Protein chains: 4
Amino acid sequence: MTTIAILGATGYTALELIKILLRHPNAEITALTSREDTRPAGQVHQSLSGRLNLSLENLTPGEIASRAECVFSCLPHTASAQIVPELLQYGCKVVDFSADYRLDSAESFEKWYEVEHPDPQRLGKVPYGLPELFRKDIIGTDLIANPGCYPTSAILPLVPLLEVGLIEPNDIIIDSKSGVSGAGRKPKLGTLYTECNESISAYGVGTHRHTPEIAQIIARSCKTQMPQVIFTPHLTPMDRGILTTAYSKPVKNVSKDDVLDVLRKKYENEYFVKVVEYLPATKDVSGTNFVHITARVVGSRIITVSAIDNLIKGASGAAVQNFNLLFGYAETTALV
Amino acid sequence: MTTIAILGATGYTALELIKILLRHPNAEITALTSREDTRPAGQVHQSLSGRLNLSLENLTPGEIASRAECVFSCLPHTASAQIVPELLQYGCKVVDFSADYRLDSAESFEKWYEVEHPDPQRLGKVPYGLPELFRKDIIGTDLIANPGCYPTSAILPLVPLLEVGLIEPNDIIIDSKSGVSGAGRKPKLGTLYTECNESISAYGVGTHRHTPEIAQIIARSCKTQMPQVIFTPHLTPMDRGILTTAYSKPVKNVSKDDVLDVLRKKYENEYFVKVVEYLPATKDVSGTNFVHITARVVGSRIITVSAIDNLIKGASGAAVQNFNLLFGYAETTALV
Amino acid sequence: MTTIAILGATGYTALELIKILLRHPNAEITALTSREDTRPAGQVHQSLSGRLNLSLENLTPGEIASRAECVFSCLPHTASAQIVPELLQYGCKVVDFSADYRLDSAESFEKWYEVEHPDPQRLGKVPYGLPELFRKDIIGTDLIANPGCYPTSAILPLVPLLEVGLIEPNDIIIDSKSGVSGAGRKPKLGTLYTECNESISAYGVGTHRHTPEIAQIIARSCKTQMPQVIFTPHLTPMDRGILTTAYSKPVKNVSKDDVLDVLRKKYENEYFVKVVEYLPATKDVSGTNFVHITARVVGSRIITVSAIDNLIKGASGAAVQNFNLLFGYAETTALV
Amino acid sequence: MTTIAILGATGYTALELIKILLRHPNAEITALTSREDTRPAGQVHQSLSGRLNLSLENLTPGEIASRAECVFSCLPHTASAQIVPELLQYGCKVVDFSADYRLDSAESFEKWYEVEHPDPQRLGKVPYGLPELFRKDIIGTDLIANPGCYPTSAILPLVPLLEVGLIEPNDIIIDSKSGVSGAGRKPKLGTLYTECNESISAYGVGTHRHTPEIAQIIARSCKTQMPQVIFTPHLTPMDRGILTTAYSKPVKNVSKDDVLDVLRKKYENEYFVKVVEYLPATKDVSGTNFVHITARVVGSRIITVSAIDNLIKGASGAAVQNFNLLFGYAETTALV
């Protein structure tokens with residue numbers, strides 16, 4: 001049994017994480033934190049009524065470490081890196097949902113997040129928590145940068161094609177469609193029901209912070225410099241799910257089956273990645289840690305389509321997958 | 001041509017009102033007010049881009065009156081009654097969307113709204129702006145209390161049955177389901193997309209402020225004292241629409257056709273009220289000023305079902321209907 | 001390990017059942033049937049891709065029995081009772097999702113379903129699979145009538161009040177709102193996205209077949225004759241969830257707390273029933289086997305509100321709960 | 001006053017067309033046709049209850065022509081071209097919603113639609129009914145090919161850039177997201193509420209029949225051969241709306257303002273096309289004939305985003321706009 005603290009427990013990723021961990025035979029949630037909301041968990045999230053006898057608390061790093069071997073941080077960027085070093089010193093293992101440890105350089109972080117990084121010396125040494133690509137780095141570490149939701153959906157279909165040199169790294173267009181839960185639980189005009197419902201829109205065109213994260217993994221997987229990535233997220237009228245349609249340029253003539261074969265070979269032993277023939281819908285993976293991927297060849301382009309649940313494979317499911325790896329549990333525990 | 005000011009122009013009812021008035025051949029919008037948001041109308045409401053060359057302004061009653069013959073007030077309760085008397089003095093006609101002039105007594109207002117009424121001496125003298133029931137009172141007046149959305153949907157099917165003495169006024173149960181736009185455009189946790197979507201819930205059980213408004217019209221239509229009304233509103237995952245299912249007790253044995261006949265007779269000359277055989281859906285009237293009503297008899301109860309668009313017949317459409325009556329235009333102008 | 005067959009595996013309840021059973025440590029799905037669709041499970045339901053290596057098959061009762069100790073029948077009414085007797089003879093235990101064994105008399109069945117019952121002699125002897133009320137009857141039997149979704153949501157809050165004699169059994173009004181998945185997966189105009197979305201409507205007013213099922217349990221719980229039940233279902237624009245708002249008449253003056261106390265006492269040891277203070281939303285229980293119940297007293301009425309997930313507590317979750325009881329597994333297995 | 005027949009009046013575009021024409025001061029609907037459904041209009045479409053005293057009829061071309069000066073054909077492809085020639089002979093003017101007269105060659109039609117064209121000699125001579133681009137051709141003709149919904153949203157932002165030679169015609173990627181109403185009103189598994197809701201998916205990748213229509217207009221606007229167009233439509237969980245995000249390659253360095261200036265100049269006198277600074281949402285134009293367009297420059301790509309209501313500017317609104325041009329009414333009549 002591993003004791004667990006969840007920092008920033010008021011939001012949707014924390015809620016989803018709690019629900020998954022309540023099914024985990026080896027996990028015991030012992031602390032939930034919030035700086036402002038210290039009500040019982042079942043009041044903060046009515047769906048937890050009677051299922052978890054804990055209140056949210058405003059705890060110090062020492063208090064957290066005295067209660068938990070593993071800490072999941074759902075804090076916003078920079079807030080996470082302000083507390084993570086101390087937690088590591090106390091001997092906790094940490095899965096960080098924020099963007100703080102995803103980028104390799106403080107320079108890149110500061111350019112995109114427009115704020116100084118609180119813990120820059122760790123950057124470049126923290127494994128990126130996508131087990132399907134970086135499992136070896138994850139096992140045996142004590143801090144994991146849990147991937148962004150868009151990057152997870154964009155990277156998984158593209159990396160195999162990049163690794164075998166099938167597509168040009170510098171001419172990739174990524175058009176993603178996400179459910180509204182990705183925007184968080186803080187009341188804002190733009191995420192009101194009556195603003196989002198019956199409407200789809202692009203946002204953060206050319207400026208979304210997941211762009212450098214995607215570019216970095218592309219660069220790593222084909223050992224090039226940071227490529228130009230065109231990434232356009234869209235706000236879609238649904239709670240959860242990300243569908244990513246990516247347009248890449250093959251370096252030679254290929255067929256659909258050629259592309260699917262590369263994908264299948266890469267993921268043949270990966271339980272959570274399904275390479276499929278049909279065009280996947282986000283509903284096919286809703287509420288699960290699965291990724292469905294397919295590909296088509298149209299004219300001079302490869303079109304890959306991938307579907308994930310942004311709150312699970314795109315956040316809390318991936319985090320539990322990482323947790324399982326960190327603590328030696330079967331990787332799929334609580335995720336089937 | 002009548003010049004028009006709209007007070008409190010940032011919300012959904014104001015937006016809907018503007019859209020209707022842009023189609024009105026005899027209306028010219030000359031002022032939009034807001035105390036805080038003074039951007040161009042097309043920025044406050046992107047759907048007005050390039051359609052209305054006005055910015056919102058923080059105007060005094062005198063300034064408003066100097067620009068407009070008719071004022072639609074979309075201000076919140078008490079804010080409206082603080083400015084209406086002065087507008088009337090300046091000679092404006094006013095259609096008030098707030099609850100301020102709907103109840104007949106300051107006592108009732110203060111009980112339900114828990115605040116002192118700013119203009120109590122007018123209460124009881126302002127016509128209730130449901131033309132299908134009170135057209136005569138509306139014509140020739142200068143101030144109209146535009147009805148609440150729930151009361152409109154609840155009252156229209158019940159009043160004809162009460163007027164002919166077919167049902168008991170003291171044993172009526174009203175179960176209403178409303179789209180989220182009824183909750184306004186101010187960011188709140190409870191109206192976030194991810195809270196409302198894929199979910200229905202009751203709220204304000206026994207405490208909703210439309211209850212006394214419904215009771216008052218019931219009392220008036222059968223000349224009794226204020227009856228007990230059981231009214232339960234529900235928040236439904238859709239933008240707009242109210243469906244009201246009301247359970248009433250007939251005083252004698254009746255058939256479905258008996259009930260439908262009473263309804264048909266009452267509304268046979270009303271363009272906007274359709275008494276139908278089928279069970280209406282809110283989509284049948286969405287985007288229109290129509291009301292669809294039907295009835296069934298089940299065991300010892302009459303069940304009436306009515307559907308309206310809460311933003312149109314339940315607010316801005318009714319307001320324009322009243323405006324047409326006030327200024328002598330054909331009642332359906334801009335509403336077909 | 002118990003081997004399992006699922007009959008009629010193309011629909012939503014079967015899909016949900018499969019997903020739950022894939023998490024069950026003691027269940028192995030060995031057969032899926034359909035008369036018409038014999039594709040692999042992962043093609044019939046894309047969300048099962050790569051998770052279940054079975055195709056649907058058109059099997060005889062003997063073939064089914066040779067493969068499975070427990071049979072879940074998701075067949076339509078009368079189709080189920082045509083095959084159940086033979087399955088029982090072969091020694092299978094059966095959980096029947098259809099209405100075939102829910103009513104106590106063939107007369108009542110034939111009145112509401114307008115068709116002759118294929119297995120009338122069993123009626124009245126099959127336990128109604130609501131463990132919170134009839135657990136003793138369920139354990140040790142071989143056939144269970146899995147309850148209807150609406151009855152589950154309606155009965156659970158009312159039965160405790162009826163059992164203690166707090167409300168009149170003959171004056172109950174039940175207003176229910178269900179997601180569209182309750183209407184099944186067969187293409188029909190009325191359940192197209194563009195017909196249901198942004199719309200709520202009543203249907204089956206006075207004629208819905210769950211009415212006698214509710215009445216029967218009410219009669220049983222207060223040992224009266226079949227009462228009149230006014231039951232109005234509504235089609236709500238959401239995938240899943242039922243919210244039931246029920247209006248009942250107390251026989252004496254009661255407070256909200258009196259009513260909540262009766263409910264709490266009845267369900268204090270029931271894991272899946274949560275008596276709550278707040279007004280529950282269907283989202284609070286979405287994807288779970290939980291029921292959230294609360295109550296209010298308004299004027300001369302008690303208003304109870306209950307929320308379930310129609311596909312889980314209203315169908316497949318309850319079925320697995322029954323399965324666990326039948327085969328001696330912990331009742332909550334695979335359901336947390 | 002112009003008399004009007006609508007062929008194939010059971011679907012969503014016909015319904016929307018009827019609603020618009022009911023507001024048109026110079027249009028009188030005199031015939032609605034269907035081969036199978038001959039119920040009153042208010043039963044086929046409940047939202048028309050009491051608004052239009054016509055039943056659908058199975059009429060011959062002669063009967064249609066005897067009743068109507070203008071015919072809107074909402075028939076499927078090939079069904080339309082089987083009847084249009086005769087209607088033209090009778091002297092009717094025709095606005096054809098089908099794809100039958102959109103493509104310039106029978107060869108292209110037969111390749112994409114996999115069926116012989118019933119009226120091939122007219123191809124290449126029928127104006128494409130996008131008044132913003134082809135107004136001159138429309139005025140004075142007797143048959144108009146009303147554009148496809150996707151092409152309208154894709155073409156309007158791209159054509160101005162192509163006309164001034166700013167982008168390469170052969171490297172355009174069009175990623176479109178449409179509401180479900182575009183899929184029609186015929187019951188199919190794929191358009192059931194419970195299949196589409198809470199889900200987004202790509203479909204028809206590389207094979208959608210609107211591709212050659214887009215390519216043809218691109219070719220025409222920059223006087224090149226038919227270019228390669230990568231077009232990916234997505235089914236989005238909403239009733240109506242199309243958002244098109246198009247990625248094109250500028251032939252030289254440009255800024256966002258350069259691109260917006262080209263668009264503004266092209267459309268400065270077009271009432272229905274608004275070139276905006278913000279990223280438009282489909283909701284901004286929902287229920288209207290407006291198009292909102294913006295552009296961004298990201299890396300080596302221009303990203304244009306356009307929003308329309310697929311049933312109005314993408315179908316019935318455009319059709320009425322064309323009707324107004326054909327019969328000499330003000331182009332915006334009934335469309336504000």
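Just so it is clear, the model here is predicted, and its values are computed rather than measured.

Draft legend 1. Representation of the overall build of chain A in the model. Regarding its fold elements, chain A presents 11 helices and 13 strands. The C-alpha atoms of chain A give a radius of gyration of 19 Å, which matches the 20 Å a tight globule of 336 residues would have. Intrachain contacts of chain A at a sequence separation of at least 6 include 68% that bridge at least 24 residues. Side chains of chain A carry 32 positive and 36 negative charges; the gap between the two charge centres is 3 Å.

Draft legend 2. Looking closely at the environment of Arg296 of chain C. All names here are of chain C. Checked against the element boundaries, Arg296 lands in strand β12 (residues 291-298). As for Arg296 and Asp119, which are separated by 177 residues in sequence, their C-alpha atoms are 42 Å apart. A polar contact of 3.1 Å, which involves the side chain of Arg296, links it to the side chain of Thr294.

Draft legend 3. Highlighting the relation of the copies chain A and chain D. Least-squares fitting of chain A to chain D yields an RMSD of 0.0 Å, with the transformation described by 0.0 Å of translation along the axis and a rotation of 180°. Both copies of the chain, as the preceding transformation shows, are related through a two-fold rotation axis. Minimal C-alpha distance to the rotation axis in chain A is attained by Pro237 of chain A, lying at 3.1 Å.

Draft legend 4. How the structure looks around the interface of chain A and chain D. In this complex, chain A contributes 43 residues to the contact, which on the side of chain D involves 43 residues. For the chain A and chain D pair, buried surface summed over both sides reaches about 3,200 Å², with 60% attributable to carbon and sulfur atoms. Counting the surface chain A buries against chain D, the share from its top three residues, Glu198, Ile200 and Lys283 of chain A, is 19%. When the shortest N-O distance is used, the salt bridge between Asp171 of chain A and Arg301 of chain D registers 3.5 Å.

Draft legend 5. Seen up close, the sheet that holds strand β10 (residues 242-248) of chain B. All names here are of chain B. The strand order β8-β9-β7-β10-β13-β12-β11 describes an open sheet built from seven strands, whose pairing is mixed. Every other strand in the sheet has two partners, leaving β8 (201-202) and β11 (273-275) as the edge strands with one partner each. Note: strand β7 (residues 172-178) against β10, six bridges, orientation antiparallel. Looking across to β10, one finds that Asp175 is bridged to Thr245. Against the sheet, helix α10 (residues 256-267) makes contact with β11, β12 (291-298) and β13 (301-308), and its axis sits at roughly 155° relative to β12, the strand it touches most.

Draft legend 6. Local environment of the relation of the copies chain B and chain C. For these two chains of identical sequence, chain B goes onto chain C by a turn of 180° and a shift of 0.0 Å along the axis, with RMSD 0.0 Å. Comparing interface residues between copies, 100% of those in chain B also lie at the interface in chain C; the contact surface is shared.

Draft legend 7. How the structure looks around the interface of chain B and chain C. Contacts between the two partners involve 43 residues from chain B and, on the opposite side, 43 residues from chain C. Its largest share of buried area at the contact with chain C, chain B owes to Glu198, Ile200 and Lys283 of chain B, together 20% of the area lost on that side. Inspection of the region where chain B meets chain C yields four salt bridges. One salt bridge connects Asp175 of chain C with Lys177 of chain B, and the closest N-O pair in it is separated by 3.1 Å. Taken together, the links from chain B to chain C amount to 23 residue pairs in polar contact (both at pLDDT 80 or more). Secondary structure elements with two or more residues in the side of chain B that touches chain C: β7, α8 (193-196), β8, β9 (229-235), β10, β12 and β13 of chain B. No other element matches the four residues that β7 of chain B contributes to the side of chain B that touches chain C.

Draft legend 8. Region of interest: the packing of aromatic side chains. Counted under the stated rule, the structure contains 42 aromatic pairs over all chains. Ring centres of Tyr193 of chain C and Tyr193 of chain D lie 5.3 Å apart, and the angle between their planes is 10°; on these two criteria the pair is classed as stacked. Linking Tyr193 of chain C in helix α8 (residues 193-196) with Tyr193 of chain D in helix α8 (residues 193-196), this pair reaches from one chain into another. As far as burial versus exposure is concerned, Tyr193 of chain C and Tyr193 of chain D are alike and both buried. Consider the rings of Tyr271 of chain C and Phe272 of chain C, whose centres lie 5.2 Å apart with planes at 75°: the pair is edge-to-face. On the accessibility criterion, Tyr271 of chain C (31% relative accessible area) is partly exposed. One aromatic cluster is present, built from ring pairs that chain together Phe72, Phe97, Phe323, Phe327 and Tyr329 of chain A.

Draft legend 9. Quick look at the packing of helix α6 (residues 131-138) of chain D against helix α11 (residues 312-327) of chain D. All names here are of chain D. Running from N to C, α6 and α11 cross one another at 35°; their axes reach a closest spacing of 11 Å. Between α6 and α11 lies a crossing whose hand is right-handed. Here Pro131, Glu132, Arg135 and Ile138 of α6 come into contact with α11, specifically with Lys313, Gln321, Asn322, Leu325 and Leu326. Of the residues assigned to the contact of α6 with α11, the class counts are four nonpolar, two polar and three charged.

Draft legend 10. Geometry of the pairing of strand β1 (residues 2-7) of chain B. Residues and elements named next belong to chain B. For β1, the tally of buried residues reaches six of six residues, placing the bulk of the element in the interior. By the alternation rule, side chains of β1 split into Thr2, Ile4 and Ile6 and Thr3, Ala5 and Leu7, which are all buried. For β1 and strand β2 (residues 27-33), the ladder comprises six bridges, and the chain directions are parallel. Each residue of the ladder has a partner; that of Leu7, found in β2, is Thr33. Where the polypeptide runs from β1 across helix α1 (residues 12-22) and back to β2, its parallel neighbour, the crossover connection is right-handed. In the sheet, β1 pairs with strand β4 (residues 70-73) via four bridges, with the strands oriented parallel. If you follow Ile4 over to β4, its bridge partner there is Cys70.

Draft legend 11. Spatial organisation of the environment of Asp171 of chain C. As for its position among the elements, Asp171 of chain C is in the loop between α7 (149-163) and β7 (172-178). Take Asp171 of chain C: its relative accessible area is 11%, and that puts it in the buried class. Considered as a pair, Asp171 of chain C and His117 of chain C are 54 residues apart in the sequence and their alpha carbons are 30 Å apart. Every residue in contact with Asp171 of chain C, bar those within four places of it in the chain, is listed here: Lys249 and Arg301 of chain B together with Tyr247, Ser248, Lys249 and Arg301 of chain C. One polar contact links Asp171 of chain C to Arg301 of chain B, side chain to side chain, over a distance of 3.5 Å.

Draft legend 12. Seen up close, the environment of Phe72 of chain A. Residues and elements named next belong to chain A. Looking at where Phe72 falls in the secondary structure, it is placed in strand β4 (residues 70-73). Spatially, the C-alpha atoms of Phe72 and Val259 are 36 Å apart, while their sequence positions differ by 187 residues. Those residues in contact with Phe72, other than ones at most four positions away along the chain, are Ile4, Ala5, Ile6, Leu7, Leu17, Leu21, Val95, Phe97, Ala319, Val320 and Phe323.

Draft legend 13. Helix α4 (residues 79-89) of chain A, seen in detail. Taken as a whole, α4 of chain A has its buried residues at Ala79, Ser80, Ala81, Ile83, Val84, Leu87 and Leu88 of chain A. Buried residues along α4 of chain A sit against β1 (2-7), α3 (61-67), β4, β5 (93-96) and β6 (143-145) of chain A.

Draft legend 14. Looking closely at the pattern of salt bridges. With the rule as written, the count across this model stands at 84 salt bridges over all chains. The salt bridge involving Arg102 of chain A is made with Glu213 of chain A; its shortest N-O contact spans 3.0 Å. In this pair, Arg102 of chain A is assigned in the loop between β5 and α5 (106-113) and Glu213 of chain A in helix α9 (residues 210-222), connecting sequence segments 111 residues apart. The same class applies to Arg102 of chain A as to Glu213 of chain A, namely buried. Among the salt bridges present, the one from Arg135 of chain B reaches Glu331 of chain B, with a minimum N-O distance of 2.8 Å.

Draft legend 15. A look at the confidence of the model for chain A. In this model, chain A carries a mean pLDDT of 97, and residues with pLDDT of at least 70 account for 100%. Here the predicted complex scores 0.98 on pTM and 0.97 on ipTM.

Conventions we followed
Residues numbered from 1 in each chain as written. Chains lettered and ligands numbered in written order. Predicted model: local features only at pLDDT ≥ 70, side-chain atom pairs only at ≥ 80, totals over all residues. Heavy atoms only, no water. Helix = DSSP H or I, 4+ residues; strand = E, 2+ residues; numbered from the N terminus. Rg over C-alpha atoms; globule rule 2.2 N^0.38 Å. Contact = heavy atoms within 4.5 Å. Lys, Arg positive; Asp, Glu negative; His and termini not counted. Charge placed at Lys NZ, Arg CZ, Asp CG, Glu CD. Polar contact = N/O pair within 3.5 Å; in protein donor to acceptor, adjacent residues only side chain to side chain. Least-squares fit on C-alpha atoms with pLDDT ≥ 70 in both. Buried area = accessible area lost by both parts, 1.4 Å probe. Salt bridge = Lys/Arg side-chain N within 4 Å of Asp/Glu carboxyl O. Pairing = 2+ DSSP bridges. Axes fitted to C-alpha atoms, helices over the stretch in contact; angles between N-to-C directions. Phe/Tyr/Trp six-rings, centres within 6.5 Å; stacked < 30°, edge-to-face > 60°. Buried < 20%, exposed > 50% of the residue type's maximum accessible area, 1.4 Å probe, protein only. Left-handed = near helix turned anticlockwise from the far one by under 90°. Nonpolar A, V, L, I, M, F, W, Y, C, P; charged D, E, K, R; others polar. Right-handed = clockwise from strand over helix to strand, strands pointing away. pLDDT = per-residue confidence, 0-100.

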